[in-house]
Amino acid sequence: MNDFKSKVRDHYSSIELSNERLEKLQSLEGKTSRPLFSWNIFVTGFATLSILFAVVLVGFPQVTRSLEDNILHEVVKNHIKNMPSEIETSNLFAISSKLSRLDFAIINSTYTSDKSLVGARYCSIQGVTAAQLQYKDTVGTRYTVYQVPVPKEFESRKGLIKESDISGVHVQIYVEKGLLIGKAYSLK
Amino acid sequence: MNIFSRGELNDLYRYSISICGCENIGYDVLHTSIEKFLVKSEQIEIQYPRRYIMRMIKNEYVNTIRSDSRLEFSDEEVELEVEDFGQGLEKYDAKVVLDHCNSKEREILFLWAYEGMSYSEIAKQLEVSKGTILTRIHNFKKRILKVLNKGGNDE
């Protein structure tokens, strides 16, 4: 038996809810029972139907885009915004330490190994918190690189998923070391 | 009949403390999570209630605290041999070690020691790869042994 393991187990086993707190938690069950009719549900349902109707009517072409295309467009949109870096350093480890809210480790992608890191900031791709890294090449071209955990849809994929030219921006998305990476740069 | 027995509530309370690092916050987070769980359980069928509410507790803590001011895991993943988590820590008191842990480290320790999970099961519970868990354990031990051998100052 691992002695440290049993010490940790004993430590947690010694912690117990007081009777008062236990009864309070157990009494929650009766308090949260759902009424037969709820205005909240009615209003939420109505709002959802209205939004769906509006999306189908106005934005149907966007809804039918594949996930790959949605991500490509989002990467391009973020690249064009050109938001300033929150951290200006060429040290990947320093960036990783500063962006502590990320639930993954930033990687040094092979697709950007010939470029110089200049800074980073938080961003989001498809609603998931992402790292936005700024790179420059030897002639000063700005590259924006996004790193985010691989969505379930791409779990079986590796390497380049798709690339395209959108609104004067060349964009690629690929999977590397368990991350989905989007890379964008403006075409001359 | 209650969804969670007194024993299960105590287990969830301990898990909540392992994440929050403090009994009062642990209780508040558990309280809110149970309220949300009960509402959710009336809307959808929850297949694995224990795993589901553990995730709710973690999310609730993240929402409450947002960021952990202590050391976060950050190193890139490296290939590691499966090592014994407790090796080298036997001589230290559990509370002393836990006091030097951040939230993620305490959670892994709790799942390993109290829940008796294997590294693969911990990886599944936390929705990360087994390699990530091994890396975290490796980095944690490297740091904690350095801190404890120095006399407990991790600044």
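The structure we're discussing is the one just above.
About the cut-offs
The residue numbering used here restarts from 1 in each chain and proceeds along that chain's sequence as written. Labels are handed out in written order, letters beginning with A for the chains and numbers beginning with 1 for the ligands. Residues qualify for local features only when their pLDDT is at least 70, as the model is predicted, and side-chain atom pairs are given and counted only at 80 or more; totals for whole chains, interfaces and linings, by contrast, use all residues. To get the side-chain values, take all heavy atoms of the structure and skip hydrogens and water. Residue contacts follow a heavy-atom distance rule, with two residues in contact if any of their heavy atoms lie within 4.5 Å. Accessible area that two parts lose when put together, with a 1.4 Å probe and added across both, is what the buried area reports. A pair is scored as a salt bridge if a Lys or Arg side-chain nitrogen falls within 4 Å of a carboxyl oxygen belonging to Asp or Glu. Any residue under 20% of the maximum accessible area for its type is buried, any over 50% is exposed, and the rest in between are partly exposed; the area is computed with a 1.4 Å probe on protein chains only. Numbered from the N terminus, helices here are DSSP runs of H or I no shorter than four residues, and strands are runs of E no shorter than two. One bridge is not enough; two strands pair if DSSP finds at least two bridges between them. Here an angle of 0 to 180 degrees is reported between the N-to-C directions of two axes, which are lines fitted to C-alpha atoms, with helices fitted over the stretch in contact. Throughout, the term roughly parallel applies to angles under 35 degrees, roughly antiparallel to angles over 145, roughly perpendicular to angles from 65 to 115, and oblique to all others. Note on residue categories: nonpolar means Ala, Val, Leu, Ile, Met, Phe, Trp, Tyr, Cys or Pro, charged means Asp, Glu, Lys or Arg, and polar means any other residue, Gly included.

1. As for the interface of chain A and chain B
Across the boundary between the two partners, chain A contributes 35 residues, which contact 49 residues of chain B. Buried surface at the junction of chain A and chain B, summed over both partners, amounts to about 3800 Å²; 58% is from carbon and sulfur atoms. Area buried by chain A at its contact with chain B is led by Phe4, Tyr12 and Glu29 of chain A, which between them contribute 19% of it. At the surface where chain A touches chain B, the tally comes to 1 salt bridge.

2. A look at the pairing of strand S1 (residues 116–125) of chain A
Residue and element names in this part refer to chain A. Burial within S1 is extensive, with 7 of its 10 residues counted as buried. In terms of strand pairing, S1 meets strand S2 (residues 128–136) through 9 bridges, oriented antiparallel. Counted as the bridge partner of isoleucine 125 is valine 128 from S2. Here S1 hands over to S2 after 2 residues, with glutamine 126 in that stretch at a positive phi of 55°.

3. Points about the sheet that holds S2 of chain A
All names here are of chain A. Pairing in this open sheet of 6 strands is antiparallel, and the strands run S1-S2-S3-S6-S5-S4 from one edge to the other. Either end of the sheet is taken by a strand with one partner, and the two such strands are S1 and strand S4 (159–166). On average, adjacent strands in this sheet sit at an angle of 20° to one another, irrespective of strand direction. Sheet analysis places strand S5 (residues 169–176) next to strand S6 (residues 179–186), joined by 8 bridges and oriented antiparallel. For valine 169, the partnering residue across the bridge sits in S6 and is serine 186. Across the sheet, helix H5 (residues 67–81) lies against S1, strand S3 (142–149), S4, S5 and S6, angled at about 125° from S5, the strand it touches most.

4. Some details on the packing of helix H6 (residues 119–126) of chain B against helix H7 (residues 130–150) of chain B
All names here are of chain B. At their nearest, the axes of H6 and H7 sit 8 Å apart, and the two run at 105° to each other. Considering their axes alone, H6 and H7 lie roughly perpendicular with respect to each other. Residue-level contacts link Tyr119, Ser120, Ile122, Ala123 and Leu126 of H6 to Lys130, Ile133, Leu134 and Ile137 of H7. Among the residues forming the contact of H6 with H7, the class breakdown is 7 nonpolar, 1 polar and 1 charged.

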